[in-house]
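Tertiary structure, described
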Amino acid sequence: MINIALGFDSNFAPYAAVTIKSILLHNKNIKFYILYDNLKQTDINKIDKLIQTGDNCSAEWIDMKGKFDHLNAGGWNSKSVYFPVALPSLCPDDRILFLDADIIVNNSLEEIYNQDLEGYYLAGTLDYGIMSEFNSNSKVTSQTCGGDIPAKDYFKTIFGYTDIKDFETYINGGILLLNLKAIRNDDIENKMYEVFNKIDFALNEQDCFNYISKGKKKLLQNKDAILILKDYVIKDIPNDYKQEYISNCDQNINHTIVHFIKKPWLYPEENIPYSNVFQKLRNLTPYKYFRHRKEIFKFRLHKKAKYFVLFGQTIFSDKKNTKNLMESNLK
Ligand SMILES: [Mn+2]
C-alpha cells in the first residue's frame, strides 16, 4: 500500500485530476489522502469516482477549511500550500508521498516510496529555481526581514546561507516523501507551527520544511523527479548547476515524477518537456473539456515563441521559429 497526499481547492481540481489519473495508470494499491478547501461537491464526486477506477485504490477526503487561516500564504491565493504540514497527524502510517496538483507521474512509484529513509525526515528534489533566485538576488517578501528584501539577505538572515553550495540540500516543496514516523518521534509538526508563529517565510511551507529538516533531507535521484522551470528562471541558475539541470531536463529520461512549475496548460504552444504527456492525460480525466479562463486566450509574439490561441483553439502557431528553449538557455 502506498499513501499519497494531495492538497487543492476547486481552482486546481481539473489539474489534480490529471495528477491522479497519471498515478492510477502506473500504480495500484494506493490510498489517497485528499486535503481540500473550498472544493465543490461536484469536484469531490468526479475525482472520487476517478480514484475508484484504479486497481485497489481508495480516497480519504479531509476538509482543511480554516485550519491555516492565521498564516500568510504570500503570493498564493490559497492556504492549501500549508496542507502537507498537517500530514503527520492526519495519516497514521509510517510514510506518505505528498505531491502538488501540478504534477504528473510516468512510472511505478514503488521504488521511490519504499527507499530507505533512516535518519531523514523527508526526501525531495533539489530546487534549482531557488538557486536561480539566490543567484539573481531578486526581491522576496518576509515581514520578519522588514518586507521586501533581496534574496541573498533573506537566506542569510533566516537560514544562514551565504553560498550557492548551501542550496545543495534545499528541496522543492512540491514533492515530499515524508518519514512520518521520524517526524512524529521528534514532534516536528508542532515545531513547525511554533516556527510559523516566529518567522514569516518568503516561501511559506517549503521554507519551513527546509528550515526544520536541516541535515535530515535526502535528495531523490535525478531520474526520479524533475522540476520544469520557467525560461527566465533557468537563465539565472548558476552555470555548473544550470548544465546539470538542463542535461537532466530531457523527456527521454522518462522521469517518474514531473513537477510543472511552468504550467503546460498555460503555454500550450511552447516546447515544454512532458507537455504532450500532460495533454494526453488530461483527455482521460472528467475535466477533458474544461479550460480555465487563463487558458482561453493566449498570445505571444517573441523571438522564442509565436502563437495565438483563442477559446482554447490554436489560431496561429509558428512552431518552426519556436526555438528549443532548453538549447537557447545553454547559450
Ligand atoms: Mn507546484
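I will try to describe carefully the structure that is included in this document. Bear in mind that the values here come from a model prediction, so they are computed numbers and not experimental data.

Conventions we followed
Numbers given to residues run from 1 along each chain, matching the order in which its sequence is written. It should be noted that, the model being predicted, local features are given only for residues of pLDDT at least 70 and side-chain atom pairs only at 80 or more, the latter also being counted only at that level, while totals for whole chains, interfaces and linings use all residues. Comment: axis = line fitted to C-alpha atoms, over the contacting stretch for helices; angle = value between 0 and 180 degrees taken between N-to-C directions. In DSSP terms, a helix is any run of H or I states spanning at least four residues, a strand is any run of E spanning at least two, and both are numbered starting from the N terminus. Working definition: roughly parallel below 35 degrees, roughly antiparallel above 145 degrees, roughly perpendicular at 65 to 115 degrees, and oblique for all remaining angles. Residue pairs qualify as contacts under a 7 Å threshold applied to their C-beta atoms, which are placed from the backbone. Under the scheme applied here, ten amino acids are nonpolar (Ala, Val, Leu, Ile, Met, Phe, Trp, Tyr, Cys and Pro), four are charged (Asp, Glu, Lys and Arg), and all others, including Gly, are polar. Comment: burial labels come from other C-beta atoms within 10 Å of the residue's own C-beta, placed from the backbone, where a count of 20 or more is buried, 12 or fewer is exposed, and between is partly exposed. In this description, the arc belongs to the directions extending from the helix axis to the C-beta atoms. Pairs of strands are assigned from DSSP output, requiring at least two bridges between the strands.

Points about the packing of helix H1 (residues 13-26) against helix H2 (residues 41-52)
In contact at an axis separation of 10 Å, H1 and H2 are set at 5° when each is read in the N-to-C sense. Classified by the angle between their axes, H1 and H2 sit roughly parallel to one another. Contacts between H1 and H2 involve Ala13, Ala16, Ala17, Ile20 and Lys21 from the first element and Asp43, Ile47, Leu50 and Ile51 from the second. Of the residues contributing to the contact of H1 with H2, the split by class is seven nonpolar, no polar and two charged.

What to know about helix H12 (residues 275-282)
Note that an α-helix has 3.6 residues per turn; residues three or four places apart therefore point the same way. Every buried residue of H12 is accounted for by Ser275, Phe278, Leu281 and Arg282. What you see down the axis of H12 is that its buried residues fit within an arc of 125°, all on one side. Along H12, the residues that are exposed and aim more than 90 degrees away from the buried face are Asn276 and Lys280.

A closer look at the pairing of strand S9 (residues 175-179)
In terms of burial, S9 is largely enclosed, as five of its five residues are buried. Here S9 shows no split at all, with Ile175, Leu177 and Asn179 on one side and Leu176 and Leu178 on the other all buried. Here strand S4 (residues 95-99) runs beside S9; their pairing, made up of five bridges, is antiparallel. Across the sheet, Phe98 pairs through a bridge with Leu176, a residue of S9. Relative to S9, strand S6 (residues 122-124) runs antiparallel, the two sharing two bridges. What sits directly across from Leu122, in S9, is Leu178.

Some thoughts on the sheet that holds strand S11 (residues 225-228)
Spatial strand order, S5-S12-S11: three strands in an open sheet with mixed pairing. On the outer flanks of this sheet lie strand S5 (103-105) and S11, each paired with one strand and no other. Here the average twist between neighbouring strands, direction ignored, is 15°. As paired elements, S11 and strand S12 (residues 257-260) share four bridges and run parallel to each other. When the sheet's bridge partners are listed, Ile226 is paired in S12 with Val258.

Thoughts on the sheet that holds S6
What holds strands together in a sheet is hydrogen bonding between their backbones, with the strands either parallel or antiparallel. Taken in spatial order, the seven strands line up as S3-S2-S1-S4-S9-S6-S10 in an open sheet, and their pairing is mixed. What marks the edges here is a single partner per strand, and that holds for strand S3 (58-63) and strand S10 (217-219). Geometrically, the sheet is characterised by an average inter-axis angle of 25° between neighbouring strands, direction not taken into account. As judged from the six bridges shared by strand S2 (residues 30-36) and S3, these two strands associate in the parallel manner.

Comments concerning the pairing of strand S8 (residues 147-150)
Taken residue by residue, a regular strand's side chains alternate between the two faces of the sheet. Sheet analysis places strand S7 (residues 139-142) next to S8, joined by four bridges and oriented antiparallel. Among the inter-strand pairings, Val140 is bridged to a residue of S8, identified as Ile149.

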